[in-house]
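The lines below spell out each chain.
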Amino acid sequence: MPFREAVDRFDARTDATIDRLRGNRFADRFFYAASAVGDHGVVWFAIAIVRYFTGVGGTEAAHFAGIRAACAEVFQSILVNIGIKSLFRRARPIAQKPRPHRLRTPRTTSFPSGHATASFCAAVLLSQGTPWAPVLFPLAMVVAFSRAYVRIHHASDVVGGIVVGLGIGVAIAHLFPLP
């Protein structure tokens, strides 16, 4: 299977590149923390609440955007964790060394990354109608990348999660446009 071999090579090369950064105390703390705040979409629910209460983009639009993003996070989580992951059943990477910080071990399979999916879905929806995109998309990238950094996902799981998250976010934005 040439496609599978190409994905495995991509994952191995990316992991070797990231490995040069692993072990740096600042990077370890930063990416483990980013992974933790992405657990269960906590950071995205918090930003949805901020959007709801600040009225950024207009009060009615902000209320709708906050609720829409929170509902989308629940929807995409169910779709990814129960639907898509059960189709692929990809094993998670095995940590070769002890982890330098605590990390919640997920019960689901690896593809696609739920953190990446949640992050990019939320970034699409929460940035709409605001000047927040220059902050939300880099935050989404940090949370997504952290999953490969902490070796809880393969790099291709993260890329797949980004694509799925963007797709879900754009679809929801079109189906449920801001008022």
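Residues numbered from 1 in each chain as written. Predicted model: local features only at pLDDT ≥ 70, side-chain atom pairs only at ≥ 80, totals over all residues. Heavy atoms only, no water.

Caption draft 1: Region of interest: the packing of helix α3 (residues 42-54) against helix α5 (residues 114-127). Interhelical geometry of α3 versus α5 gives an angle of 10 degrees and a closest axis separation of 10 Å. Of the possible angle classes, the one that applies to α3 and α5 is roughly parallel. Contacts from W44, I47, A48 and R51 in α3 reach A118, S119, A122, L125 and L126 in α5. Of the residues that constitute the contact of α3 with α5, the class distribution is seven nonpolar, one polar and one charged. (Axes fitted to C-alpha atoms, helices over the stretch in contact; angles between N-to-C directions. Helix = DSSP H or I, 4+ residues; strand = E, 2+ residues; numbered from the N terminus. Parallel < 35°, antiparallel > 145°, perpendicular 65-115°, else oblique. Contact = heavy atoms within 4.5 Å. Nonpolar A, V, L, I, M, F, W, Y, C, P; charged D, E, K, R; others polar.)

Caption draft 2: Representation of α3. When the terminal C-alpha atoms of α3 are compared, their 18 Å separation across 13 residues agrees well with the 18 Å that a helix rising 1.5 Å per residue should span. Looking at α3, one finds that the buried residues are V43, W44, I47, A48 and R51. Within α3, the buried residues cover an arc of 140 degrees as seen down the axis, which keeps them to one side. Of the surrounding elements, those touching the buried residues of α3 are α2 (25-38), α4 (59-88), α5 and α6 (133-149). One or two positions beyond α3, positive phi appears at G55, with a value near 75 degrees. (Expected span 1.5 Å × (residues − 1). Buried < 20%, exposed > 50% of the residue type's maximum accessible area, 1.4 Å probe, protein only. Arc of directions from axis to C-beta.)

Caption draft 3: Layout of the packing of α2 against α6. Across the interface, α2 lies against α6 with an axial gap of 8 Å and an inter-helix angle of 115 degrees. By the angle between their axes, α2 is roughly perpendicular relative to α6. The two elements α2 and α6 cross, and the hand of that crossing is left-handed. When α2 is examined against α6, the residues A27, D28, F30, F31, Y32, A34, S35 and G38 are found in contact with a partner set consisting of V142, V143, F145, S146, R147 and Y149. Counted by class, the contact of α2 with α6 contains nine nonpolar, three polar and two charged residues. (Left-handed = near helix turned anticlockwise from the far one by under 90°.)

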